[in-house]
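The residues making up each chain are set out below.
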Amino acid sequence: MSMSISKTEIENSLIRLGVKPGMMLEVHCSLSSFGHVDGGALTIINTLKNLVGTNGAILMPSFKDSPNLPLNETDKRLGLTLKIKLLKGDEERTGMGIVSDTFRKMPDVITGEGQFRVSAWGKDAEKHAADWFNHLIDSDGYALLLGVDIYKMSSMHRAEDCLPDEIKRKFAPPEDAKKIYPETEWFIEAWLPKTNPWHIIQNRAYENGYINDTMIGNAKCMLVQVKNTVALYRQALKEQPFELYGLA
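Here's what I pulled together on the structure shown here. Quick caveat: nothing in here was measured; it's all calculated off a predicted structure.

### Section: the environment of T229
No. 1: Relative to the assigned elements, T229 resides in helix α10 (residues 226–239).
No. 2: Exposure remark for T229: the relative accessible area of 0% places this residue in the buried category.
No. 3: Through-space distance from the C-alpha of T229 to that of I150 is 9.8 Å; in sequence the pair is 79 residues apart.
No. 4: Among residues more than four places away in sequence, those in contact with T229 are I150, M153, M156, I201, A205, Y210 and V224.

What follows is the structure, encoded as structure tokens:
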């Protein structure tokens, strides 16, 4: 039987996790992971707004991407490991999930420009929406991962200017695949590392005390120090990138 979770339960659990007034939060959420949430996505969003207050901020990615799409036999033959459709309009639903899609449509939320948009509410919302997590990092903000893990934490990409070209090229799809899925319409990849690089960083962040966690309903929820965790990733990419990606 699906677990039913109230707004009060979510609020109390988030307070125990460490969410408090004035925090800047990069939020990623799988609503279905909780069980049944009374009030759905709005309960999650309004609870977070109440907890951080207008002196805090909430950021959510609102990328114009579809969910990960299933690979067909041709895709597999071409070696594809990931296929996402790039959305062109302001679609009601995206691959970001119902919480992010609901948040983006709220009248008091500011959404940035481009394919990889960020939506923000609260203090410095315009700045957060415009600079793609830099202000969050500079302000010692946090990532709140609700039913998801570090692989959904978009701010991690801020370290990837240090990713060696040799590793970047490993992900590049073959030319035959690009003809089927032009880069103006699709995002595709053709490699999976033997390791799970971001999970390695997540484990190191735990060891350094940069992550607190708790269960809310059926969902494991993590509060992550963004600046310190991204710095761990950047350090690993500078010092041992090939080991991190299972290529050494």
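### Observations regarding the environment of N46
No. 1: Examined against the element boundaries, N46 turns out to sit in helix α2 (residues 40–52).
No. 2: Under the relative-accessibility criterion, N46 is labelled partly exposed at 32%.
No. 3: In this structure, the C-alpha to C-alpha distance between N46 and F103, residues 57 residues apart in sequence, is 9.5 Å.

### So, the packing of aromatic side chains
No. 1: As enumerated under the stated definition, the model contains 9 aromatic pairs in all.
No. 2: Here the aromatic rings of W191 and Y245 are separated by 6.5 Å at their centres, their planes lie at 25°, and the arrangement is stacked. Residue W191 is located in the loop between β9 (186–189) and α9 (197–207), and its partner Y245 is located in the segment after α11 (241–244); the two are separated by 54 residues in the primary sequence. The exposure classification of W191 matches that of Y245, with both residues buried.
No. 3: Each member of the aromatic cluster is reached from another via a ring pair, and the members are F63, F116, W132 and F133.

### Brief notes about α9
No. 1: Considered for burial, the residues of α9 that qualify are P197, W198, I201, Q202 and A205. Along α9, the residues classed as buried sweep out an arc of 140° about the axis, all on the same side.
No. 2: Two residues or fewer after α9 comes G209, characterised by a positive phi angle close to 80°.

### Quick word on the layout of surface pockets
No. 1: Empty space within the largest pocket amounts to approximately 1700 Å³.
No. 2: Lining the largest pocket are 50 residues, with L82, I84, H157, F187 and E189 positioned closest to its centre.
No. 3: When contributions to the lining of the largest pocket are tallied by element, the ones reaching two or more residues are β2 (24–29), β4 (57–61), β5 (82–85), α4 (98–104), α7 (165–171), β9 and α9.
No. 4: Here the lining of the largest pocket takes 4 residues from β9, the largest share from any one element.

### A few points about the nonpolar core
No. 1: Formed by 39 residues in total, the largest nonpolar core has its most connected members in M153, M156, I201, Y233, L237 and Y245.
No. 2: It is α10 that provides the largest number of residues to this core, a total of 6 residues.
No. 3: When residues no more than four places from it in sequence are discounted, the contact partners of I201 are I150, M156, T229, L232, Y233, A236 and L244.
No. 4: If you look at the next biggest cluster of nonpolar residues, it comprises 31 residues, including C29, I44, W121 and L146.

### Looking at the packing of α9 against α10
No. 1: Where α9 meets α10, the closest approach of the two axes is 9 Å, and the angle between their N-to-C directions is 125°. What the angle tells us is that α9 and α10 run oblique. Crossing handedness for the pair α9 and α10: right-handed. Judged by residue contacts, W198, I201, R204 and A205 of α9 engage T229, L232, Y233 and A236 from α10.
No. 2: Of the residues contributing to the contact of α9 with α10, the split by class is 6 nonpolar, 1 polar and 1 charged.

### With respect to the pairing of strand β11 (residues 219–225)
No. 1: Burial runs high along β11: 5 of the 7 residues are buried.
No. 2: Here 5 bridges tie strand β8 (residues 142–146) to β11, and the two strands are oriented antiparallel to one another. Looking across to β11, one finds that L145 is bridged to M222.
No. 3: With antiparallel pairing between neighbouring strands as the criterion, strand β10 (residues 211–216) and β11 make up a hairpin whose turn holds 2 residues, including G217 at a positive phi of roughly 60°.

Here is what the cut-offs are and how they apply
- Residues numbered from 1 in each chain as written.
- Predicted model: local features only at pLDDT ≥ 70, side-chain atom pairs only at ≥ 80, totals over all residues.
- Heavy atoms only, no water.
- Helix = DSSP H or I, 4+ residues; strand = E, 2+ residues; numbered from the N terminus.
- Buried < 20%, exposed > 50% of the residue type's maximum accessible area, 1.4 Å probe, protein only.
- Contact = heavy atoms within 4.5 Å.
- Phe/Tyr/Trp six-rings, centres within 6.5 Å; stacked < 30°, edge-to-face > 60°.
- Arc of directions from axis to C-beta.
- 1 Å grid on protein atoms, 1.4 Å probe; cavity = no way out; pocket = protein on both sides within 12 Å on 5 of 7 lines; lining within 4 Å.
- Points joined across faces, edges and corners; volume = space filled by probe spheres on them.
- Core = buried A, V, L, I, M, F, W, Y, C linked by side-chain atoms within 4.5 Å.
- Axes fitted to C-alpha atoms, helices over the stretch in contact; angles between N-to-C directions.
- Parallel < 35°, antiparallel > 145°, perpendicular 65-115°, else oblique.
- Left-handed = near helix turned anticlockwise from the far one by under 90°.
- Nonpolar A, V, L, I, M, F, W, Y, C, P; charged D, E, K, R; others polar.
- Pairing = 2+ DSSP bridges.

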